[in-house]
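# Tertiary structure, described
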Amino acid sequence: MPIPSRFEQLALPHQEAAFSLAFWLLSSRADAEDVVQEAFLRAFRAFDGFRGEDIRPWLFAIVRNAAYRTLNNRQRTANVISLDAAFHGREGDTGAPLDIAAEGPSAEDALIGKAERDLVRLALAELPTAFREVVVLREIEGLSYREISEITDTAVGTVMSRLSRGRLLLRRALARKTGKDCSHAL
Amino acid sequence: MPCDRHAHLLSAYLDRELPDDEHEALARHIADCPDCTTLVSDLRQTSRAVAGLGREPMPEGLSQRLRQSLEQASDGSPPSPSPQSVSARSTAIVPRHWTASALMRQAAVLVFACLLSALATWGFVTGSARDTLLARDLLSAHLRSLQQESPIQVASSDAHTVKPWFAGKVDFSPEVRDLAAQGYPLLGGRLDTIAGRRVGALVYKRRLHLINIFAWASDAPDTAPTLTMRNGYNLLSWIRGGVVYTAVSDLDGDELKHLAEML
């Protein structure tokens, strides 16, 4: 058993958060795994350049960049298909696989119930990426606006407005989704 | 809806990210404002619902694979994430997913190449001007952006966020101005490809119409905006300061010209 390097000591404790962030950016567990692998290797190679107290913003920024590269590749693929579709006047199936339904039961399921949980997951997955990422970093990772601005390479004011807009969108989407359920029940 | 003025601050208020004096002032306002009270409680609930999701659990074995690839990398052996991790995963967890998406990607590239060459041949054979081909490409890019989840890569209404974003990504600096006050809010920017060349795209909105302004560098002298129409879409092109701009939208031609004048 080799002694873990300083990088491993600092970075590996954040692997769960890194995977979760990648998953929410990509809506795919398989792509998120690739991205986390790639990001940790990149971070390892760039570790000499890391000067700071907290490795988290630095590491998450690398994860985020890797996720965006995958998203861009995906979009390029989608573009080609939709270009084709544009010429033939039909809708291209450009959606990435959305495996958003929660996997197994977890502790939280007992509290909010699987159905409601899936609604929240769906609403979050449907948010535009720029809003989704700040919501995830804030609500799930509990990061400060300053840290989020570092990770997303934006101004704190932008984080503030995206988070506000993201939550308002989520609120509307959830109201719509649960509203629909109510009308079913009636 | 009398209380629009505070709605955008309530989220930061909940996060305690406002300066103390603003926080206090807003707290006093909320106490007196039923609209804001409701919204705060809704937002708090939304927040809790998302926080309650918790982290997405890691796939089994990923932690170990991560450790292995890091050890390998620190041994000095060529640190490549793909062969080891991908094969480990494809046998263990998600067989064939990666290969399938890679195939799709290649197929897509092929389709694109065929399409381009078909277009090029068509243009050549019919003697159709290069401009027509360009217009067609621009329109396709516009339509493509409408079908995507989001037509923007950098979402910001702030010209000082969008303009620097293009630095280092394209070989020119487009003019970016937020014209929200004039009824043309800036949504953001992205990179796109027109005729095999990387171009910048600025995305504006006018009511429900999305406007893509594609921009690329050129040596040509400045020209006044000229309007053409294609498949019911308006294309407005002009050259200014060594940058070619083409705005594409289903917006009325005059309104499009108005936007070009303000930029």
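Rules used in this analysis
Residues numbered from 1 in each chain as written. Chains lettered and ligands numbered in written order. Predicted model: local features only at pLDDT ≥ 70, side-chain atom pairs only at ≥ 80, totals over all residues. Helix = DSSP H or I, 4+ residues; strand = E, 2+ residues; numbered from the N terminus. Buried ≥ 20, exposed ≤ 12 C-beta atoms within 10 Å, placed from the backbone. Contact = placed C-beta atoms within 7 Å. Pairing = 2+ DSSP bridges. Axes fitted to C-alpha atoms, helices over the stretch in contact; angles between N-to-C directions. Nonpolar A, V, L, I, M, F, W, Y, C, P; charged D, E, K, R; others polar. pLDDT = per-residue confidence, 0-100. Expected span 1.5 Å × (residues − 1).

Let's shift gears to the overall build of chain A. The helix and strand tally for chain A stands at nine helices and zero strands. Secondary structure elements of chain A, listed N to C terminal, follow the sequence α-α-α-α-α-α-α-α-α. Expressed as a percentage of its 186 residues, the buried residues of chain A come to 44%. Within chain A, residue pairs in contact and separated by at least 24 positions form 61% of the contacts whose partners lie at least 6 positions apart.

Moving on: the sheet that holds strand E2 (residues 186–194) of chain B. All names here are of chain B. The strand order across the open sheet formed by seven strands is E1-E2-E3-E4-E7-E6-E5, and the pairing between neighbours is antiparallel. Either end of the sheet is taken by a strand with one partner, and the two such strands are strand E1 (154–155) and strand E5 (223–230). As defined by bridge partners, strand E4 (residues 209–217) adjoins strand E7 (residues 243–249) across six bridges and the pair is classed as antiparallel. When the bridges of E7 are listed, Trp216 appears paired with Val244. Here helix H8 (residues 159–166) sits on the sheet and contacts E1, E2 and strand E3 (197–206); the angle it forms with E2, its principal contact strand, is near 15°.

So, on to the environment of Leu39 of chain B. Residues and elements named next belong to chain B. Among the secondary structure elements, Leu39 is positioned in helix H3 (residues 34–51). Exposure remark for Leu39: the 20 C-beta atoms within 10 Å place this residue in the buried category. Remark: the alpha-carbon pair of Leu39 and Ser11, spanning 28 residues in sequence, is separated by 9.4 Å. Among all residues touching Leu39, those that are not within four sequence positions of it are Ala7 and Leu10.

This part takes up the interface of chain B and chain A. On the side of chain A, 59 residues touch chain B, which itself brings 51 residues to the contact. Put simply, the parts of the chain that give the side of chain B that touches chain A at least two residues each are helix H1 (4–14), H3, helix H4 (62–74), helix H5 (81–92), helix H6 (97–126) and helix H7 (130–147) of chain B. Broken down by element, the side of chain B that touches chain A gets its largest block of residues, eight residues, from H4 of chain B. Residue composition of the side of chain B that touches chain A, grouped by class: 23 nonpolar, 17 polar and eleven charged.

Let us look at the confidence of the model for chain B. All names here are of chain B. Confidence along chain B averages 81 in pLDDT terms, with 83% of residues attaining 70 or more. Counting interchain partners and residues more than four positions distant, the pLDDT-below-50 stretch residues 77–96 has 25 contacts. Here residues 123–128 is modelled with pLDDT under 50, and outside its nearest four sequence neighbours on either side it reaches four contacts, counting other chains as well. Both confidence scores are given for the complex: pTM 0.53, ipTM 0.80.

Turning to the pairing of E4 of chain B, a few remarks are in order. Alignment of E3 of chain B against E4 of chain B, held across seven bridges, turns out to be antiparallel. If you follow Leu202 of chain B over to E4 of chain B, its bridge partner there is Ile213 of chain B.

Moving on, we come to helix H2 (residues 20–32) of chain B. Look at H2 of chain B: 19 Å from first C-alpha to last across 13 residues, which is about the 18 Å you get at 1.5 Å a residue. With one of 13 residues buried, H2 of chain B lies mostly on the surface of the structure.

On to unusual backbone geometry. One non-glycine residue, Asp153 of chain A, adopts positive backbone phi at about 55°. In this structure, Asn231 of chain B takes a positive phi of about 45° despite not being glycine. By the element assignment, Asn231 of chain B lies in the loop between E5 and strand E6 (233–240). A tally of 10 C-beta atoms within 10 Å means that Asn231 of chain B is categorised as exposed.

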